[in-house]
Amino acid sequence: MGETNKIEKRVIMDARAVELAVSDLAGRIRATSDEDQVCLIGIQTGGVYVAQRLHKAMETVGFKDITFGRLDITLYRDDIFTALQQPVVRSTDIRFDLTGKNVILVDDVLYTGRTIRAALDALVDFGRPRRVRLAVLVDRGLREYPIQADFAGRTVNTDANETVQVELVEMGFERDRVVVYERQS
Amino acid sequence: MENPNTLNHLLALEGLSKETVTSILDHAVGFKEVSKRRIKKVPPLRGVTVVLFFIENSTRTRISFEVAAKRLSADTLNFSASTSSLSKGETLLDTAKNLMAMQPDIIVMRHFAPGAAKFLSERIPAGIVNAGDGPHAHPTQALLDMYTMRERKGRLEGLEVAIVGDIAHSRVARSNIHGLLTMGAKVRLAGPRTMLPTMIDRFPVSVHDRIEPAIEGADVVMMLRIQKERMGKDLFPSDREYARVFGLDSQKLKLAKPDCLVMHPGPMNRGVEITPEVADSTQSVILEQVENGVAVRMAVLFMVARHLGVSEE
Amino acid sequence: MMVTVMRTRIVNCQIFDPATGGDAFPGWVEFENGVITAVGKGQAPAPSAGAEITDIDGQGFTLAPSFVDMYANFCEPGYEYRETVASGSRAAASGGYTAVCLRPDTDPIIQRSDVVRFLLERGVFANMVDIFPIGALSMNMEGQTMAEIGEMAAAGARLVGEGNTFVKRTGFLRRCMEYAGNFGLVVMLTNEDPSLAEGPCHEGFMSTSRGLKCTPVQAEEIAVARHIALAELTGTPTHLVKISSAAGVRLIRDARARGINITASVSIHNLALNEDANAGYDAMTKVWPPLRAEEDRRALLAALEDGTIDIVVSDHDPHVIEGKEVEFDLATVGASSIELTFGVLNTLVERGELKFATVIRALATAPRKIMHLDGGVISAGMPADLVLLDRKAVRKVCGAELVSQGVNTPFDGTDLAGCPVMTFRRGRITFAA
């Protein structure tokens, strides 16, 4: 995460927009869920922060019993040994059986869909959920796999030479933003 | 420039940088979690063949590696001394070349001769993981020992670690000494002089004639196994005297810090180097060592496979 | 351990203090509770009124630190018909000794902590000298399995060695020496390669002319070289017991120059006698190491003077008369010697072959240094372990009348110049002539 040599091109969400998007996601999940218990699984690392925000927002709209987990998908990636960067394996923390549960998988940015494919592979090892839906803060298009988000906070068009980054205060940034950067070669 | 997140081979801890050792231990944290899941398997080594090439027998280490490989979804093959062609006079090199016909990606090897793992690493195109080459090195044991210490104590830097027993014949001792010094721990050695290798004090360690000064104020005490095979070899009078003078009992353990960890690479001679009371006490982390062994070996296999993957590009 | 509580003084004597070097000076010494409290020159001051002081008149005698013997056989346990710790202690006290080291070759051998404790207790019971058992290196001194050296050290042993037996396997001896190093012990080794030893005499002119079976000096030379090398390898303090040859002396001198941690001793017999003593087939002269050539004897004297050899040992080895009243070849080996050592050495002083200061160093100072014992000097604060010596008295030795139970001495019938007259152990008189 985070490359050198990039320049900021445009800010697509500011702090207020992020806050509204998160509440909006919570509301839509409420409207389409027929019980109070859901499992939020945040994908390391950006998805975990978004999932924590979503957790708070969902309590506000009436969810009573939200279980929370973190999922590291490094070991399930399809480019695990060939990627230029070699990410450190972070921790997975799912302490409950997913069988029969209403799972909401959460990530910060939906892009090619490979991360989500890996996450679905991993989830299967933790049980057989009743249903799995995907919630993301930003959908930037350019899919390489037949994957779509059930709930997206904002949808934007981007180019392949751009990166989209979610920057939140709890990650160490000054203020909440979602920024499009252009890679410099 | 060495990439701390991959391993070309793992032959010994000597020469590995602090960053690489830290990386292995950090990866092992993640893999320990896998062993707590309902389905104890992850896919990264799917399609990778790991051969367990154990010329010197060992059930415990071999099984630990086998479990580690399987939990990474690798395929394993067993090759042991009794079933091998080595007993028919085939040289190590020829045997290994024949193994290569099965196209193993990684060979985990244990052998009587020091330097055997290095020998193969220079001649055959697989990733070699040394599971013990004579009295020279046993890097994964030292790594799991350090993992255990770090997990319990939160650090390795500045830890006072005492290693007691047959240092001269112990690959566990040698690898631990290298690893602990690299990671900034302080090492104290104790044992009969007949079991201390000459000039061991060229390493920045303190050497003691008795267990008491070595263990005083220690954070960790590691007892080494007295191998019964040594008994006829003039090195000390009897089990009884060894136990009284150099063995660890509750009384001597009081000299260490109150939360001192008691470790042992196994298998233990209860009543010789360690009393059953101490071995089963709350300070003993001997069973944790075994559990951590699988996680550490998963990390090592993962990092070696990663190097192979990169080199395929 | 009994001590005199009373204040005691030895007055009007010549004080020989190794610490001050030089000659003896006229003076007095006071001690109380086993410790020297004052040392003075010249006339002792009159005791103050009411003070309870016992004065011992040392007129005509020399006061020196008491002697320490590092190699003796008191034959207990197992051979009590020859000597016991009690009788040997009495003989030692009469020889001016307050401490004696005992060889492990008893029956049972000193190879377990219980025998060590037994001997320490016997010494306490006899209450004459401090007993220091030497633990064996291997079980039954067979050179196969290490004895429980650590346990013996815990029981109080400070020295280990294989008695008069040569450890055949060099590699095994190495391991024993290394292991002894863990416990701060001194390893005491005798020096004769048995495969070269064909008889009890020195291979030289006397053995040829008398047809006696003999052993060349090279048997000692090879053993000394081996032990020096192992001392260098292991770093364990090593004492070479009873050097008897010029060849041995040469090797030790060289090793000391190289800084190797070894010390050495010589027996009174090799210092005072040479192979000529065997001329009459007198079994009383059958000792081990054998009495060697005159060149060897002179080399030993010179080595003792210059410190290459640190100490003199009695090699006390008493036997009943039956063992010696037989043909030379069949006779027992050894002499009862502990009460005679000062007389023998002082006779050599009178003959101009040794200095008196060397004798006191060899009997009192240097043994304490090797064994890390307190004392050996006459000054306030030191233990009152002292001996009053008559350097002039001439006495004929009579084997049958020795304090020791043993009767065997090559000096039987000879005149010795000088003898101890009173021995003090921590202020208590253990012998008075």
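Each chain has its residues counted from 1, following the order in which its sequence is written. Note on labels: chains are lettered from A, ligands numbered from 1, in written order. For a predicted model such as this one, the threshold for reporting local features is a pLDDT of at least 70, and the threshold for listing and counting side-chain atom pairs is 80 or more; totals across whole chains, interfaces and linings nevertheless cover every residue. Computation of side-chain values covers all heavy atoms of the structure but excludes hydrogens and water.

## Some thoughts on the overall build of chain A
Right, on to step 1. Looking only at helices and strands, one finds 3 helices and 8 strands in chain A.
Right, on to step 2. N-terminal to C-terminal, the α/β element order of chain A is β-α-β-α-β-β-α-β-β-β-β.
Right, on to step 3. For the radius of gyration, the atom set is restricted to C-alpha positions; the globular benchmark scales as 2.2 Å times the number of residues to the power 0.38. Taken against the 2.2 N^0.38 rule, which gives 16 Å for 185 residues, the C-alpha radius of gyration of chain A at 16 Å falls within 12% of a compact globule.
Right, on to step 4. For chain A, the spread of C-alpha atoms along the principal axes amounts to about 50 × 40 × 30 Å.
Right, on to step 5. Throughout, exposure labels follow a simple rule: accessible area from a 1.4 Å probe, protein chains only, divided by the maximum for the residue type, with under 20% read as buried, over 50% as exposed, and the rest as partly exposed. In chain A, which comprises 185 residues, the proportion classed as buried is 50%.
Right, on to step 6. Of all intrachain contacts in chain A linking residues separated by at least 6 positions in sequence, the fraction that spans at least 24 positions is 72%.
Right, on to step 7. By element, 47% of the accessible surface of chain A is carried by carbon and sulfur atoms, the whole surface being about 9000 Å².
Right, on to step 8. The average position of the 26 basic charges and that of the 29 acidic charges among the side chains of chain A differ by 2 Å. Secondary structure follows DSSP: runs of H or I at least 4 residues long count as helices, runs of E at least 2 residues long count as strands, and numbering of each begins at the N terminus. What makes two residues a contact is simply this: any of their non-hydrogen atoms within 4.5 Å. The Shrake-Rupley method, run with a 1.4 Å probe sphere, supplies the accessible areas, and residue values consider only the shown protein chains as cover. Neither His nor the chain ends is counted toward charge; the positive residues are Lys and Arg and the negative residues Asp and Glu. A single reference atom marks each charge: NZ on Lys, CZ on Arg, CG on Asp, CD on Glu.

## Digging into the interface of chain B and chain C
Right, on to step 1. Across the boundary between the two partners, chain B contributes 16 residues, which contact 18 residues of chain C.
Right, on to step 2. The contact between chain B and chain C buries some 1500 Å² in all, and 46% of this surface belongs to carbon and sulfur atoms.
Right, on to step 3. Among the residues of chain B in contact with chain C, Arg193(B), Asp234(B) and Glu241(B) are the three that bury the most area, contributing 42% of the side total.
Right, on to step 4. Here a salt bridge means any side-chain nitrogen of Lys or Arg lying within 4 Å of a carboxyl oxygen belonging to Asp or Glu. The interface formed by chain B and chain C holds 3 salt bridges in total.
Right, on to step 5. Nitrogen and oxygen atoms within 3.5 Å of one another constitute a polar contact, given that in protein one can donate a hydrogen and the other can accept it, and given that sequence-neighbouring residues count only through two side-chain atoms. Scanning the region where chain B abuts chain C turns up 13 residue pairs in polar contact (both at pLDDT 80 or more).
Right, on to step 6. In the side of chain B that touches chain C, the residues fall into 6 nonpolar, 3 polar and 7 charged. When two components associate, each loses some accessible surface as probed by a 1.4 Å sphere; the sum of these losses over both components is called the buried area. Residues are sorted three ways: Asp, Glu, Lys and Arg are charged, Ala, Val, Leu, Ile, Met, Phe, Trp, Tyr, Cys and Pro are nonpolar, and all the rest, Gly among them, are polar.

## Topic: empty space enclosed by the protein
Right, on to step 1. Using a 1 Å grid laid over the protein atoms alone, points where a 1.4 Å probe fits but cannot get out form a cavity; open sets with protein on both sides within 12 Å along at least 5 of 7 lines form a pocket; any residue with an atom within 4 Å of a point counts as lining. Grid points are joined across faces, edges and corners, and a volume is the space filled by probe spheres set on the points. Scanning the entire structure with this criterion turns up 4 cavities of 30 Å³ or more.
Right, on to step 2. One number sums up the size of the largest cavity: a volume of about 50 Å³.
Right, on to step 3. A breakdown of the residues in the lining of the largest cavity according to their chemical character gives 3 nonpolar, 2 polar and 4 charged.

## Here's the deal with the sheet that holds strand E1 (residues 6-13) of chain A
Note: strands within a sheet are paired through backbone hydrogen bonds, in either parallel or antiparallel orientation.
Residues and elements named next belong to chain A.
Right, on to step 1. Strands are treated as partners if at least two bridges between them are detected by DSSP. Ordered in space as E1-E8-E7, the 3 strands form an open sheet in which the pairing is antiparallel. Two strands bound the open sheet, and with one partner strand each, they are E1 and strand E7 (162-167). Pairwise comparison of adjacent strand axes, ignoring direction, gives a mean angle of 30° for this sheet.
Right, on to step 2. Bridging between E1 and strand E8 (residues 177-183) involves 6 bridges; their strand directions are antiparallel. Bridge pairing in E8 places Glu 8 opposite Tyr 181. Convention adopted: a line fitted to C-alpha atoms gives each axis, helices being fitted over their contacting stretch, and angles between N-to-C directions are expressed from 0 to 180 degrees.

## Side note on the pairing of strand E8 (residues 220-223) of chain B
All names here are of chain B.
Right, on to step 1. Burial along E8 is two-sided: Val 220 and Met 222 and Val 221 and Met 223, pointing in opposite directions, are all buried.
Right, on to step 2. Sheet topology places strand E5 (residues 160-164) next to E8; 4 bridges connect them, and they run parallel. Looking at E8, one finds that Val 161 is bridged to Val 220.

## Brief notes about the side chain of Ser113(C)
Right, on to step 1. Of note, Ser113(C) is situated in helix H2 (residues 113-126).
Right, on to step 2. You can call Ser113(C) buried: its relative accessible area is 13%.

## A few points about the layout of surface pockets
All names here are of chain B.
Right, on to step 1. The volume enclosed by the second largest pocket comes to roughly 930 Å³.
Right, on to step 2. Around the second largest pocket sit 37 residues that line it, and Thr 61, Arg 110, Pro 265, Gly 266 and Pro 267 are the ones nearest its centre.
Right, on to step 3. The set of elements that each furnish at least two residues to the lining of the second largest pocket consists of helix H2 (59-71), helix H5 (139-153), helix H6 (171-182) and helix H11 (286-312).
Right, on to step 4. Taken together, the residues of the lining of the second largest pocket sort by class into 13 nonpolar, 15 polar and 9 charged.

## A closer look at the pattern of salt bridges
Right, on to step 1. This structure, assessed with the given rule, holds 59 salt bridges over all chains.
Right, on to step 2. Across the salt bridge formed by Lys9(A) and Glu162(A), the nearest N and O atoms sit 3.0 Å from each other. You can see Lys9(A) sitting in strand E1 and its partner Glu162(A) sitting in strand E7, a full 153 residues away along the chain.
Right, on to step 3. With relative accessibility at 41%, the residue Lys9(A) sits in the partly exposed group.
Right, on to step 4. Residue Glu162(A) is classed as buried on the basis of its relative accessible area of 2%.
Right, on to step 5. Measuring nitrogen to oxygen at the nearest pair gives 3.0 Å for the salt bridge that ties Arg37(B) to Glu33(B). Of the two residues, Arg37(B) and Glu33(B), both sit in the buried class.
Right, on to step 6. Several salt bridges converge on common partners, so that one network encompasses Glu294(C), Arg297(C), Arg298(C), Arg351(C) and Glu353(C).

## Examining unusual backbone geometry
Right, on to step 1. Gly266(B) connects to Pro267(B) through a cis peptide bond whose omega is -10°.
Right, on to step 2. When you line up the elements, Pro267(B) lands in the loop between strand E9 (261-263) and helix H10 (276-279).
Right, on to step 3. The linkage connecting Glu76(C) with the following residue, Pro77(C), adopts the cis geometry, with an omega of 0°.
Right, on to step 4. With respect to the helices and strands, Pro77(C) occurs in the loop between strand E6 (67-72) and helix H1 (85-94).

## Quick notes on H2(C)
All names here are of chain C.
Right, on to step 1. Here a helix's expected span is defined as the number of its residues, less one, multiplied by 1.5 Å. Between its terminal C-alpha atoms H2 stretches 20 Å, which fits the 20 Å expected from 14 residues at 1.5 Å a residue.
Right, on to step 2. Among the residues of H2, Ser 113, Val 115, Val 116, Leu 119, Gly 123 and Ala 126 are the ones counted as buried. Along the axis of H2, the buried positions cluster into a sector of 165°, meaning they face one direction only. Seen from the buried face of H2, the exposed residues on the opposite side, beyond 90 degrees, are Glu 121, Val 124 and Phe 125.
Right, on to step 3. Those residues of H2 hidden inside the fold are in contact with H1, strand E7 (97-102), strand E8 (130-135) and helix H3 (149-155). Arc definition: it is the arc formed by the directions from the helix axis to the C-beta atoms.

## Brief notes about the interface of chain B and chain A
Right, on to step 1. Taken together, the contacts link 22 residues of chain B with 16 residues of chain A.
Right, on to step 2. Summing both sides of the interface, chain B and chain A together bury roughly 1700 Å²; the carbon and sulfur share of this comes to 60%.
Right, on to step 3. Interface area lost by chain B to chain A is led by Arg37(B), Arg38(B) and Arg306(B), which between them contribute 29%.
Right, on to step 4. On the surface where chain B and chain A come into contact, there are 0 salt bridges.
Right, on to step 5. At the junction of chain B with chain A, the criterion picks out 2 residue pairs in polar contact (both at pLDDT 80 or more).

## Details of the domain arrangement of chain B
Residues and elements named next belong to chain B.
Right, on to step 1. Taken domain by domain, chain B consists of domain 1 (18-136 + 291-308) and domain 2 (139-289).
Right, on to step 2. The distance between the C-alpha centroids of domain 1 and domain 2 comes to 26 Å.
Right, on to step 3. Between domain 1 and domain 2, the residue contacts involve 27 residues of the former and 25 residues of the latter.
Right, on to step 4. Here domain 1 and domain 2 share an interface that buries about 2000 Å² over both sides, 56% of which is from carbon and sulfur atoms.
Right, on to step 5. Interface area lost by domain 1 to domain 2 is led by Lys 18, Leu 25 and Asn 292, which between them contribute 28%.
Right, on to step 6. With a closest N to O distance of 2.8 Å, Glu 56 and Arg 171 form a salt bridge.
Right, on to step 7. The tally of links from domain 1 across to domain 2 stands at 15 residue pairs in polar contact (both at pLDDT 80 or more).
Right, on to step 8. Where the side of domain 1 that touches domain 2 is concerned, the elements lending two or more residues are helix H1 (18-34), H2, strand E3 (106-111), strand E4 (127-133) and H11.
Right, on to step 9. At 9 residues, H1 tops the list of elements feeding residues into the side of domain 1 that touches domain 2. Note that domain bounds follow an automatic or database assignment of domains.

## Concerning the confidence of the model for chain B
Right, on to step 1. Across chain B, the average pLDDT comes to 91, with 95% of residues at or above 70.
Right, on to step 2. On the interface metric, ipTM, the complex scores 0.83, and its pTM is 0.86. Each residue gets a pLDDT score, which is the predictor's confidence in that residue and runs from 0 to 100.

## Details of the packing of aromatic side chains
Right, on to step 1. The rule is short: rings of Phe, Tyr and Trp, with Trp giving its six-membered ring, pair when the centres are within 6.5 Å, and they are stacked under 30 degrees, edge-to-face over 60, tilted in between. Within the structure shown, the criterion is met by 12 aromatic pairs over all chains.
Right, on to step 2. Residues Phe31(C) and Phe424(C) carry aromatic rings whose centres are separated by 5.6 Å and whose planes lie at 70° to one another, so their mutual orientation is edge-to-face. With a gap of 393 residues between them, Phe31(C) in strand E2 (residues 25-32) and Phe424(C) in strand E17 (residues 415-425) connect regions that are remote in the sequence.
Right, on to step 3. Overall, the relative accessible area of 0% leaves Phe31(C) in the buried class.
Right, on to step 4. Grouping aromatic residues by their ring pairs yields a cluster made of Phe236(B), Tyr242(B), Phe246(B), Tyr179(C) and Phe183(C).
Right, on to step 5. Between Lys41(C) and the ring centre of Phe25(C), over which it is positioned, the NZ or CZ distance is 4.6 Å.
Right, on to step 6. The rule for a charge over a ring is simple: NZ of Lys or CZ of Arg within 6 Å of the ring centre, and within 35 degrees of the ring normal. For the cation-ring pair, Arg82(C) lies above Tyr79(C), with the distance from its terminal atom to the ring centre recorded as 5.5 Å.

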